[in-house]
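Structural overview
Next come the chains, spelled out residue by residue.
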Amino acid sequence: MTSQERQTIATTEAPGAIGPYSQAVQIGNMLITSGQIGMDTTGVFPASVEEQTRRSLLNVKAILESAGFTMNDVIKTTVFLQDMNDFQKVNDVYATFFAEPYPARSAVQVAKLPKGGLVEIEVIAVKA
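Let me begin by describing the structure that accompanies this report. (Residues numbered from 1 in each chain as written. Predicted model: local features only at pLDDT ≥ 70, side-chain atom pairs only at ≥ 80, totals over all residues. Heavy atoms only, no water.)

Re the environment of Asp86
Heads up, the condition is: Each helix is a run of H or I in the DSSP string that is no shorter than four residues. Each strand is a run of E no shorter than two, and both are numbered from the N terminus.
Turning to its location among the elements, Asp86 is positioned in the loop between strand S5 (74–81) and helix H2 (87–94). Sequence separation between Asp86 and Ile75 is eleven residues, and the spatial gap between their C-alpha atoms is 23 Å.

Here you go:
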């Protein structure tokens, strides 16, 4: 792939897009994922925010791996929370997926997430 060629990334190891968007887009050595809610590939949500966070990050990981990236390539994440009171619970799970040096991150509370999810996570990854 040339440095400016745009490639759509899709895997059956993560839930498919539920709208007119791609799971991820790669341009050169950079990959940007769409937000991944805590739903599995069958459309089922775990009950707890911890398990939804875990599932969201497993979805992110599956998308990254399908394009030849790893969680270590992630340089930026954005975490959308239905309730900011869940911040520490999400952090506890999040910390099991990343090692130092941690990616930059934003975390925001939103009024509502797709399909009633409790958490959604998107990432930007770059291969050095």
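There's plenty left to go through after this.
Quick word on unusual backbone geometry
As a reminder, the rule being used: Burial classes follow relative accessibility: with a 1.4 Å probe on protein chains only, a residue under 20% of its type's maximum area counts as buried, one over 50% as exposed, and anything between as partly exposed.
Of the consecutive residues Glu100 and Pro101, the connecting peptide bond is found in the cis state with omega at 0 degrees. Inspection of the secondary structure puts Pro101 in the loop between H2 and strand S6 (104–109). Positive phi is not limited to glycine here, since Lys115 has a value of about 60 degrees. Examined against the element boundaries, Lys115 turns out to sit in the loop between S6 and strand S7 (119–126). With a relative accessible area of 55%, Lys115 lands in the exposed category.

Comments concerning the nonpolar core
Test applied: The term nonpolar core refers to a set of buried residues drawn from Ala, Val, Leu, Ile, Met, Phe, Trp, Tyr and Cys, joined through side-chain atoms within 4.5 Å. By the convention used here, residues are in contact when the closest approach between their heavy atoms is within 4.5 Å.
Counting 25 residues, the largest nonpolar core has Leu31, Leu57, Leu64, Met71, Val79 and Phe98 as the members making the most contacts within it. Within the residue set of this core, elements represented by two or more residues are helix H1 (49–66), S5, H2 and S7. With six residues, H1 is the single largest residue contributor to this core. Discounting chain neighbours no more than four positions away, the residues touching Met71 are Leu57, Val60, Lys61, Leu64, Phe97 and Phe98.

No statement about biological role is implied by the geometric values presented.
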